[in-house]
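Single-letter residue listing:
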Amino acid sequence: HRRERRAIDVAETAWSDPATPEGTLRVRELLMSIPGMGPTRVSRVMDELGIADAKRVGGLGARQREKLRAWLQAREGARTRSRLVVLAGPTAVGKGTVSAYIRENYPEVLLSVSATTRPPRPGEVDGRHYYFVDDETFDRMIEQGEFLEYATVHNASRYGTPRPPIEAALKTGRSVLLEIDLQGARAVKKAMPEALLVFLLPPTWEELVRRLTGRGTESPAEQARRLETAKVELAAQDEFDVKIVNHDVGRAAQEVVELLTVPGTPSARTRS
Ligand code: 5GP
């Protein structure tokens, strides 16, 4: 059910991990996959970009990547305008599951890795799921202006969104996805008004209650407290630009990914 992938997305996947099939794909084959590109044009473009004939996409150096990215963006048009998308929603709605799904299935999406003071859970990898830091390091990062936003979540640990990787990605035309809490989403909108805020909704209120109270191991008082929090959080949905209902993880993930690429008008596309 996925749309056909654009060459630029294939290239971004290759560059996020050169060991992927995308990474070992030859530049020539990538360019040949673009509608309207034949052998003669491909050779001319590779010549112009200074890329040797046998080069693989994952094997390109930084300058060649830059050149190829710029060329693909021009070719594939305004459709690749980069964008910052923030995914938020009430506790237990499943935004962590949706972002994990995107991490696994859409490697071309740059999913921002937050810093946190909470300890890693089993299976969590430093630098991939979070940067696990101590309080001192977190304080230092605040002082040095490293964060786009940061917050204390659930009255417990601190979480922050590192700014430099996001700015670098947007500069090179890559879209970025942040999965953060509500206060974080508000702070990002303030700092970057052009960010697109997405609110993930449960299919029904009953479903959210079921997920929140879960195994039923919490006391009635704790359950009541969680439901109260959920009501307050749901009330924030109108502050958001887009709402997505989480009926199914794969579908919700796809809807989020589609928001990351801004559709352009046909006339804005480069013809050749
Ligand atoms: P968890 O500890 O379960 O991974 O995440 C707890 C909560 O922290 C989730 O609601 C998640 O969205 C939020 N969170 C994760 N990273 C950040 C961040 O960088 N900033 C903010 N404000 N919230 C975050």
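Preceding block: the structure.
Residues numbered from 1 in each chain as written. Predicted model: local features only at pLDDT ≥ 70, side-chain atom pairs only at ≥ 80, totals over all residues. Heavy atoms only, no water.

Draft legend 1. Looking closely at the sheet that holds strand β5 (residues 147–152). Taken in spatial order, the four strands make up an open sheet running β4-β3-β6-β5, and their pairing is mixed. Both edges of this open sheet fall to β4 (131–132) and β5, since each of them pairs with a single strand only. Examined bridge by bridge, strand β3 (residues 115–116) and strand β6 (residues 158–162) share two bridges and lie antiparallel to one another. Looking at β6, one finds that Thr 116 is bridged to Tyr 159. (Pairing = 2+ DSSP bridges. Helix = DSSP H or I, 4+ residues; strand = E, 2+ residues; numbered from the N terminus.)

Draft legend 2. Representation of the sheet that holds strand β1 (residues 84–88). Read across the open sheet, the five strands follow the order β2-β7-β1-β8-β9; overall the sheet is parallel. Either end of the sheet is taken by a strand with one partner, and the two such strands are β2 (110–111) and β9 (242–245). The pairing of β1 with strand β8 (residues 196–201) spans four bridges and is parallel. Bridge pairing in β8 places Leu 87 opposite Val 198. Across the sheet, helix α8 (residues 163–171) touches β1, β2 and β7 (176–179), and the angle it forms with β7 is around 150°. (Contact = heavy atoms within 4.5 Å. Axes fitted to C-alpha atoms, helices over the stretch in contact; angles between N-to-C directions.)

Draft legend 3. Examining the site of the ligand more closely. Lining the immediate surroundings of the ligand are 15 residues, of which Arg 118, Tyr 130, Glu 149, Tyr 159 and Glu 179 lie closest. Separating an oxygen atom of the ligand from a side-chain N or O atom of Lys 95 is a distance of 2.9 Å. Surface burial for the ligand is 87%, taken as the share of its 520 Å² of free accessible area covered by protein chains. Among the elements of the structure, β5 and β6 are those that each provide at least two residues to the shell around the ligand. When residues of the shell around the ligand are assigned to their parent elements, the largest contribution, three residues, is made by β6. Split into classes, the residues belonging to the shell around the ligand amount to five nonpolar, four polar and six charged. (Near = heavy atom within 4 Å. Polar contact = N/O pair within 3.5 Å; in protein donor to acceptor, adjacent residues only side chain to side chain. Areas by Shrake-Rupley, 256 points an atom, 1.4 Å probe, with all protein chains shown as cover. Nonpolar A, V, L, I, M, F, W, Y, C, P; charged D, E, K, R; others polar.)

Draft legend 4. Quick look at the side chain of Ser 112. Locating Ser 112 in the fold gives a position in the loop between β2 and β3. Beyond its immediate stretch of four places on either side in the chain, Ser 112 contacts Thr 161, Pro 162, Ile 166, Val 176, Leu 177 and Leu 178.

Draft legend 5. Spotlight on unusual backbone geometry. Even without being a glycine, Ala 92 presents a positive backbone phi close to 75°. Here Ala 92 is to be found in the loop between β1 and α6 (95–105). Its identity as a non-glycine residue notwithstanding, Asn 155 has a phi of 55°, on the positive side. Among the secondary structure elements, Asn 155 is positioned in the loop between β5 and β6. Accessibility expressed as a relative area gives 78% for Asn 155, which makes it exposed. (Buried < 20%, exposed > 50% of the residue type's maximum accessible area, 1.4 Å probe, protein only.)

Draft legend 6. Quick peek at the nonpolar core. Counting residues in hydrophobic clusters, the biggest one holds 42 residues, and the most contacted among them are Leu 84, Val 98, Ile 102, Leu 177, Leu 178 and Val 188. Those residues in contact with Leu 84, other than ones at most four positions away along the chain, are Leu 148, Ile 166, Leu 170, Val 176, Leu 178, Val 188, Met 192, Ala 195 and Leu 196. Ranked by size, the runner-up nonpolar core spans 21 residues in total, among them Ala 14, Trp 15, Met 46 and Trp 71. (Core = buried A, V, L, I, M, F, W, Y, C linked by side-chain atoms within 4.5 Å.)

Draft legend 7. Quick peek at the side chain of Glu 12. Residue position: Glu 12 is located in helix α1 (residues 7–16). The exposure class assigned to Glu 12 is buried, which follows from its relative accessible area of 4%. Those residues in contact with Glu 12, other than ones at most four positions away along the chain, are Arg 69, Glu 108 and Arg 174.

Draft legend 8. How the structure looks around the pairing of β8. With six of six residues buried, β8 lies mostly within the body of the structure. Here β8 shows two buried faces, one formed by Leu 196, Val 198 and Leu 200 and the other by Leu 197, Phe 199 and Leu 201. Across four bridges, the pairing between β8 and β9 is parallel. Bridge assignment links Leu 200 to a residue of β9, and that residue is Ile 244.

Everything listed here is a matter of geometry and, on its own, says nothing about what the molecule does.
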